[in-house]
There are 2 protein chains.
Amino acid sequence: MKRRKSPVTIKDVAAAARVSVSTVSRVLNDKDDVSEETQAKVRQVIEGLSYTSSLAARSMRSRRTNVIGVVVPDLQTSFSIQVVKGVNQAIEDFAYDLIIYTSGTAWDGTRAARERHHVALLNGSLADGVIIVTPTTTDFSTAHPVVIVDPHQDSDIPAVISTNRDGAMEAVSYLLSLGHRCIGFISGRMDLQSGLRRFQGYQDCLAQAGIPFDPDLVQPGDFLGPLSLTSAQKLLSLPHPPTAIFAANDISAIAVIEAAQAAGLCVPEDLSVIGFDNIPEAAQVMPRLTTIDQSIELMGYTAAEMLIELLQGKLLASNLRKIVTRLVVRESCRAI
Amino acid sequence: MKRRKSPVTIKDVAAAARVSVSTVSRVLNDKDDVSEETQAKVRQVIEGLSYTSSLAARSMRSRRTNVIGVVVPDLQTSFSIQVVKGVNQAIEDFAYDLIIYTSGTAWDGTRAARERHHVALLNGSLADGVIIVTPTTTDFSTAHPVVIVDPHQDSDIPAVISTNRDGAMEAVSYLLSLGHRCIGFISGRMDLQSGLRRFQGYQDCLAQAGIPFDPDLVQPGDFLGPLSLTSAQKLLSLPHPPTAIFAANDISAIAVIEAAQAAGLCVPEDLSVIGFDNIPEAAQVMPRLTTIDQSIELMGYTAAEMLIELLQGKLLASNLRKIVTRLVVRESCRAI
DNA sequence: TTGAAAGCGCTAACAT
DNA sequence: ATGTTAGCGCTTTCAA
């Protein structure tokens with residue numbers, strides 16, 4: 001590894017090629033008003049010095065970087081990772097570059113501020129546009145296009161959502177078709193559209209079937225394991241425990257299965273279970289878990305695609321794209 | 001969403017606070033030579049305008065960004081993702097920010113050039129140091145620290161590697177302990193240290209046990225499915241087929257299992273199989289596959305940790321850190 | 001304690 | 001076809 005005190009700049013190239021910096025800049029940007037030989041000479045010098053123009057300086061001047069930014073709360077959760085995978089795929093397909101910005105997950109009031117901060121950071125300088133994943137806020141002041149994946153609330157910002165309510169309805173109606181009438185629900189995060197609408201779907205489907213809503217059959221969850229486990233236990237220790245449980249995501253569904261096993265119940269013999277999401281981790285723990293496939297990766301891909309279209313003026317802002325969810329029936333449910 | 005034609009700059013803040021830009025800059029950088037009241041006023045204006053200083057401009061001037069860069073070939077493969085997860089964790093623990101840079105995976109000659117390009121891009125301007133995952137080249141000219149995860153070859157750049165040879169030896173010696181004497185091997189990418197050293201471990205362990213090396217028992221793989229499948233079929237159609245197969249990664253191991261099933265063999269009754277890597281995908285497809293746990297996430301974490309220590313001068317360059325692999329015995333092997 | 005001014009590396013007029 | 005020059009938004013001397 002060569003260590004250079006000061007990285008080689010455009011000036012160094014200009015000096016070595018015995019031309020002016022603007023000529024080098026022209027070559028760099030493929031302007032056509034440079035003579036063949038100068039062109040060649042400069043390129044050769046660039047190669048020889050293994051020079052790379054500074055993104056910082058470049059983007060500072062010319063508001064165009066060919067880079068798309070992604071702001072994710074973290075990269076620990078499967079959801080974030082899958083979204084990023086999808087974005088990455090799109091980035092390859094459309095020949096953009098990708099910068100992912102992430103810093104610690106904070107759940108306090110600073111979260112929204114940090115998101116705004118990151119968006120400004122990327123959008124103000126480095127990226128041509130940014131994709132924000134499950135943002136806390138939707139109040140971004142930015143000069144460049146923004147696309148949101150799984151927004152917190154409705155807004156006029158272009159977003160990609162999945163058909164959460166439809167998916168939940170499909171899950172519940174599948175359980176109904178198996179003969180279940182007492183169906184429990186472990187909710188998701190109610191501060192997220194995805195959580196709210198899955199709950200809505202659960203309620204709507206029951207209502208549609210003429211089954212009265214029983215608040216006892218609904219227990220809180222947060223898309224994570226521990227709380228869901230407690231909630232599942234509550235559900236199972238009810239005087240009339242449900243014969244089936246629908247969990248707002250599959251991590252919760254796994255918790256339900258754990259709770260059932262701890263209570264000496266077998267899935268699906270004694271209890272049918274469906275989860276929402278279909279992420280690899282859940283499939284790993286419980287490969288036969290019936291789930292709603294949310295196609296998270298596709299959400300990422302679609303978001304990137306939208307952003308690029310926005311960038312190229314092919315799309316109007318204030319657009320919304322839905323990713324259709326579908327039920328994946330495996331072996332964790334059973335007719336009664 | 002407020003759309004501002006031009007993002008708010010330090011000048012706007014200065015004007016609104018009726019001070020000079022340098023004063024604002026001082027507040028921004030927590031210099032102590034600013035009066036309480038000016039301090040307060042400026043902060044208030046910053047808040048009000050929801051101003052964020054431009055990373056580009058900032059890093060251009062002051063060679064310190066508190067950002068760590070990661071260059072990964074892609075984010076499709078589990079390996080990359082796991083490394084990034086580990087890095088992300090470290091970033092949270094040490095209060096840095098993280099920028100991940102990725103562009104298309106290319107296997108042609110441009111790959112090395114692109115890597116250098118990305119490193120220069122990050123290190124020249126945006127990041128204080130960078131982590132490079134499975135690089136093709138190790139020839140980076142950069143003024144900032146670099147740490148490599150799973151290097152292609154030995155170099156004087158700090159790197160994190162896992163004990164590939166030891167792991168392979170452990171796997172093979174486990175098979176030997178079960179009574180296997182005819183052990184097949186599906187190799188990994190031989191252009192990577194990891195691939196080479198796993199093969200080395202296979203050979204060394206056999207040699208150590210006094211078993212002559214049989215080239216027919218070694219078939220090529222590339223850490224991916226298709227080639228491994230073909231290779232596995234070759235192995236199984238040998239006059240004296242192996243009683244056990246060790247695959248250089250677990251994707252290949254899955255291919256071996258597929259090939260075995262296609263040939264009407266049962267695992268582990270007719271054939272014992274071990275894979276290297278232990279990634280979620282493989283566990284999902286074949287949860288009972290015996291594997292070497294490479295602790296990929298830990299590699300990422302360790303790399304970030306090293307880089308930060310390097311940044312803080314707590315560590316000498318030219319350091320090497322090994323992540324210890326260990327055998328995870330499940331149910332895909334059987335004594336004969 | 002504050003302000004003015006000189007760049008950082010680059011691009012985009014404007015000259016030549 | 002090429003060079004000169006004026007900034008982009010910021011930090012950092014150097015003065016005041």
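Residues numbered from 1 in each chain as written. Chains lettered and ligands numbered in written order. Predicted model: local features only at pLDDT ≥ 70, side-chain atom pairs only at ≥ 80, totals over all residues.

## Some thoughts on the overall build of chain A
So, step 1. A count of helices and strands for chain A gives twelve helices and twelve strands.
So, step 2. Taken along the three principal axes of its C-alpha coordinates, chain A extends 85 × 45 × 35 Å.
So, step 3. For chain A, buried positions account for 51% of its 336 residues. (Helix = DSSP H or I, 4+ residues; strand = E, 2+ residues; numbered from the N terminus. Buried ≥ 20, exposed ≤ 12 C-beta atoms within 10 Å, placed from the backbone.)

## Notes on the protein's contact with DNA strand C
So, step 1. Within the structure, DNA strand C sits among 26 residues, and Ile10, Ser22 and Ala57 of chain A together with Ser20 and Ser22 of chain B are positioned closest to it.
So, step 2. For the surface near DNA strand C, the secondary structure elements donating two or more residues are α2 (21-28) and α4 (55-62) of chain A together with α2 (21-28) and α4 (55-62) of chain B.
So, step 3. Grouping the constituent residues of the surface near DNA strand C by class yields nine nonpolar, 13 polar and four charged. (Near = placed C-beta within 6 Å. Nonpolar A, V, L, I, M, F, W, Y, C, P; charged D, E, K, R; others polar.)

## Brief notes about the nonpolar core
So, step 1. The biggest cluster of nonpolar side chains holds 96 residues, and the ones touching the most others in it are Val70 and Ile131 of chain A together with Ile131 of chain B.
So, step 2. When sequence neighbours within four positions are dropped, the list of residues in contact with isoleucine 131 of chain B reads Ile68, Val70, Val87, Val147, Val149, Ala303, Ala304 and Leu307 of chain B.
So, step 3. Cys205, Leu206, Ala248 and Cys333 of chain A belong to the second-largest nonpolar core, a separate cluster that totals 41 residues. (Core = buried A, V, L, I, M, F, W, Y, C linked by C-beta atoms within 7 Å. Contact = placed C-beta atoms within 7 Å.)

## Points about the protein's contact with DNA strand D
So, step 1. Lining the immediate surroundings of DNA strand D are 27 residues, of which Ser20, Ser22 and Ser35 of chain A together with Ile10 and Ser22 of chain B lie closest.
So, step 2. Breaking the surface near DNA strand D down by element, the ones donating at least two residues are α2 and α4 of chain A together with α2 and α4 of chain B.
So, step 3. Broken down by class, the residue content of the surface near DNA strand D amounts to nine nonpolar, 13 polar and five charged.

## As for the domain arrangement of chain A
So, step 1. The domains assigned to chain A are domain 1 (10-53), domain 2 (67-162 + 296-324) and domain 3 (164-293).
So, step 2. Of note, the centres of domain 1 of chain A and domain 2 of chain A, computed from C-alpha atoms alone, are 36 Å apart. (Domains from an automatic or database assignment.)

## Regarding unusual backbone geometry
So, step 1. In this structure, the amide linkage connecting valine 267 of chain A to the following residue, proline 268 of chain A, adopts the cis form with an omega of 10°.
So, step 2. Within the secondary structure, proline 268 of chain A is located in the loop between α10 (250-262) and β9 (272-277).
So, step 3. Of note in the backbone geometry, arginine 18 of chain B takes a positive phi value of approximately 55° without being a glycine.
So, step 4. In this fold, arginine 18 of chain B is placed in the loop between α1 (10-17) and α2.
So, step 5. For arginine 18 of chain B, a count of 11 C-beta atoms within 10 Å puts it in the exposed group.
So, step 6. One non-glycine residue, phenylalanine 223 of chain B, lies in the positive phi region at around 70°.
So, step 7. Exposure remark for phenylalanine 223 of chain B: the 23 C-beta atoms within 10 Å place this residue in the buried category.

## What about the pairing of strand β8 (residues 244-247) of chain A?
Residues and elements named next belong to chain A.
So, step 1. Neither face of β8 is left uncovered, since the one carrying Ala244 and Phe246 and the one carrying Ile245 and Ala247 both have all their residues buried.
So, step 2. Pairing geometry for strand β6 (residues 183-186) and β8, over four bridges, is parallel. Note that in β8 the partner of isoleucine 183 across the bridge is alanine 244.
So, step 3. Direction of pairing for β8 relative to β9: parallel, over a ladder of four bridges. The partner of phenylalanine 246 across the bridge, within β9, is isoleucine 274.
So, step 4. Regarding topology, α10 serves as the crossover connection from β8 to the parallel β9, and that connection is right-handed. (Pairing = 2+ DSSP bridges. Right-handed = clockwise from strand over helix to strand, strands pointing away.)

## Overview of the environment of serine 62 of chain B
So, step 1. The residue serine 62 of chain B is located in helix α4 in this model.
So, step 2. A C-alpha to C-alpha distance of 9.4 Å links serine 62 of chain B and serine 125 of chain B, two positions 63 residues apart in sequence.

## Looking at the sheet that holds strand β5 (residues 159-162) of chain B
So, step 1. A sheet is described by the order of its strands in space; here twelve strands give the open sequence β11(A)-β5(A)-β4(A)-β3(A)-β1(A)-β2(A)-β2(B)-β1(B)-β3(B)-β4(B)-β5(B)-β11(B), paired in mixed fashion. Looking at the sheet topology across the chains shown, the edges are occupied by β11 (320-323) of chain A together with β11 (320-323) of chain B. Each adjacent strand pair in this sheet contributes to an overall mean axis angle of 20°, direction not counted.
So, step 2. As judged from the five bridges shared by strand β1 (residues 67-71) of chain B and strand β2 (residues 97-102) of chain B, these two strands associate in the parallel manner. Following the sheet pairing, isoleucine 68 of chain B is matched in β2 of chain B by leucine 98 of chain B. (Axes fitted to C-alpha atoms, helices over the stretch in contact; angles between N-to-C directions.)

## Section: the sheet that holds strand β10 (residues 290-293) of chain A
All names here are of chain A.
So, step 1. The strand order across the open sheet built from six strands is β7-β6-β8-β9-β10-β12, with neighbouring strands paired in mixed fashion. Bordering the open sheet on either side are β7 (218-219) and β12 (326-328), each of which pairs with just one other strand.
So, step 2. The sheet strands contacting helix α9 (residues 225-236) are β6, β7 and β8, and the helix crosses β6 at an angle near 160°.
So, step 3. Packed on one face of the sheet, α10 meets β6, β8, β9 and β10 and runs near 160° to β9.

## Here's the deal with the packing of helix α5 (residues 78-93) of chain A against helix α12 (residues 296-311) of chain A
All names here are of chain A.
So, step 1. Contact pair α5 / α12: the axes reach a minimum separation of 6 Å and the direction vectors enclose 45°. With respect to α12, the axis of α5 lies oblique. Handedness of the α5/α12 crossing: right-handed. Between α5 and α12, the residues in contact are Phe79, Gln82, Val83, Val84, Lys85, Gly86, Val87, Gln89, Ala90 and Ile91 and Ile296, Glu297, Leu298, Met299, Gly300, Tyr301, Ala303, Ala304 and Glu305, respectively.
So, step 2. Of the residues assigned to the contact of α5 with α12, the class counts are twelve nonpolar, four polar and three charged. (Parallel < 35°, antiparallel > 145°, perpendicular 65-115°, else oblique. Left-handed = near helix turned anticlockwise from the far one by under 90°.)

## Details of helix α7 (residues 164-177) of chain B
All names here are of chain B.
So, step 1. Look at α7: 20 Å from first C-alpha to last across 14 residues, which is about the 20 Å you get at 1.5 Å a residue.
So, step 2. Within α7 the residues assigned to the buried category are Asn164, Arg165, Gly167, Ala168, Met169, Ala171, Val172, Tyr174 and Leu175.
So, step 3. Directly beyond the C-terminal end of α7, a positive phi value near 105° is found at glycine 179. (Expected span 1.5 Å × (residues − 1).)

## A closer look at the pairing of β2 of chain B
So, step 1. Across the six residues of β2 of chain B, five count as buried, placing the element largely inside the fold.
So, step 2. Pairing of strand β2 (residues 97-102) of chain A with β2 of chain B, which is carried by five bridges, proceeds in the antiparallel orientation. Residue pairing in the sheet places isoleucine 100 of chain A in a bridge with isoleucine 100 of chain B of β2 of chain B.
So, step 3. Chirality of the crossover, the property in question, places the unit of β1 of chain B, helix α5 (residues 78-93) of chain B and β2 of chain B among those that are right-handed.

## A word on the packing of helix α1 (residues 10-17) of chain A against α2 of chain A
Residues and elements named next belong to chain A.
So, step 1. The interhelical angle for the contact between α1 and α2, taken along N-to-C directions, is 105°, at an axis separation of 8 Å. One way to sum up the angle between α1 and α2 is to call them roughly perpendicular. Where α1 abuts α2, its residues Ile10, Lys11, Val13, Ala14 and Ala17 lie against Val21, Val24 and Ser25.

## Brief notes about the environment of arginine 198 of chain A
Residue and element names in this part refer to chain A.
So, step 1. Tracing the sequence through the fold places arginine 198 in helix α8 (residues 193-208).
So, step 2. With eleven residues separating them along the chain, arginine 198 and serine 187 place their C-alpha atoms 7.9 Å apart.
So, step 3. Residues within four places of arginine 198 in sequence aside, it is in contact with Asn164, Ala168, Gly188, Ala248 and Phe276.

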